[in-house]
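Letter by letter, the chains look like this.
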Amino acid sequence: KAIFLKILYIVAVLFFLHKTGLSQKNNGEVILKFQYMANGKPLILGDTNYVNAFSESYAVTRLKFYISNINLASKDIFLVDVSKEDSIKIPVQPGEYSTLFFTLGVDSILNCSGAQDGALDPMNGMFWTWNSGYIFFKMEGYSPSSTADLNRIEHHIGGYQGANKAARKIELDLQQPLVVKANQRNEITIRIDLDKYWQGNSDIRIATNALIMVPGELAKKSADNFAGMFSAIEIK
């Protein structure tokens, strides 16, 4: 009887792996390509020629953020780092999609799940402490308007507990239906406009908010501007 159960278990595992393999082979691939803009021109790290809606000039030296819960069937979490890459690839089941949505941030349970690897590895510089969890959006730079030492700008936006939750759902209407076919590749270009970060649902002025480093009201106000930053501008 024990031998029979072992054989049955092995057969079940092989069947599952076979079905999973077939499913993956039948997927298409969607590339999310990011285009970073400020003042109507491409964002270049270190460039000092950007001015926000409050006439505050600034430069960005670091920009990183988490994307998770993508509706195109991906359960992975991606850390997007402007200095390293401008796109992510995800397997997608064939079908027609008219909306793209995802979370900018990390689910609450993952913020208190202990040491993790991959995109959530603390070595990526996006983790605070066991109590305050992950930084969802990190922008650093400098500005003459900053009253912080060395004219720093450091916006580390996060928070997963209670009223301080800073993860935000981003929903984008696609300009045309995204038709995904098996074994074929599609590309969606997503524009990220920093002008909308400084002025959106909330006004974020460098002169008074050069440093946002902990969960709280300022972090939530910044997070409320996330949705306005993103737009889908092209599908291939």
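Everything that follows concerns the structure shown earlier in this document.
Residues numbered from 1 in each chain as written. Predicted model: local features only at pLDDT ≥ 70, side-chain atom pairs only at ≥ 80, totals over all residues. Heavy atoms only, no water.

Draft legend 1. Molecular detail of a nonpolar patch on the surface. Taken together, the side chains of Leu211, Met213 and Val214 present a nonpolar region at the surface, about 240 Å² in accessible area. For leucine 211, the location among the structural elements is in strand 12 (residues 211-212). Overall, the relative accessible area of 36% leaves leucine 211 in the partly exposed class. (Patch = residues over 30% accessible without salt bridge, like charges linked within 9 Å, V, L, I, M, F, W, Y side chains within 5 Å. Areas by Shrake-Rupley, 256 points an atom, 1.4 Å probe, with all protein chains shown as cover. Salt bridge = Lys/Arg side-chain N within 4 Å of Asp/Glu carboxyl O. Helix = DSSP H or I, 4+ residues; strand = E, 2+ residues; numbered from the N terminus. Buried < 20%, exposed > 50% of the residue type's maximum accessible area, 1.4 Å probe, protein only.)

Draft legend 2. Seen up close, the pattern of salt bridges. Applying the stated rule across the entire model yields six salt bridges. Arginine 152 serves as the salt-bridge partner of glutamate 154, at 3.0 Å between the closest nitrogen and oxygen. Using a relative accessible area of 16% as the deciding quantity, one classes glutamate 154 as buried. Beyond isolated ion pairs, a larger network of salt bridges with shared partners links Asp149, Arg152 and Glu154.

Draft legend 3. Geometry of the packing of aromatic side chains. Applying the stated criterion across every chain yields a total of 11 aromatic pairs. Centre to centre, the rings of phenylalanine 34 and tyrosine 36 are 6.5 Å apart; their planes meet at 25°, and the pair counts as stacked. Assessed through its relative accessible area of 3%, phenylalanine 34 is described here as buried. Cluster of aromatic residues (ring-pair linked, three or more members): Tyr50, Tyr58, Phe137, Tyr197, Trp198 and Phe226. The cationic tip of lysine 41 hangs over the ring face of tyrosine 50; the distance from NZ or CZ to the ring centre is 5.1 Å. Note that lysine 169 overlies the ring of phenylalanine 101, its terminal NZ or CZ placed 4.3 Å from the centroid. (Phe/Tyr/Trp six-rings, centres within 6.5 Å; stacked < 30°, edge-to-face > 60°. Lys NZ or Arg CZ within 6 Å of the ring centre and 35° of its normal.)

Spatial relationships are all this shows, so hold off on functional conclusions.
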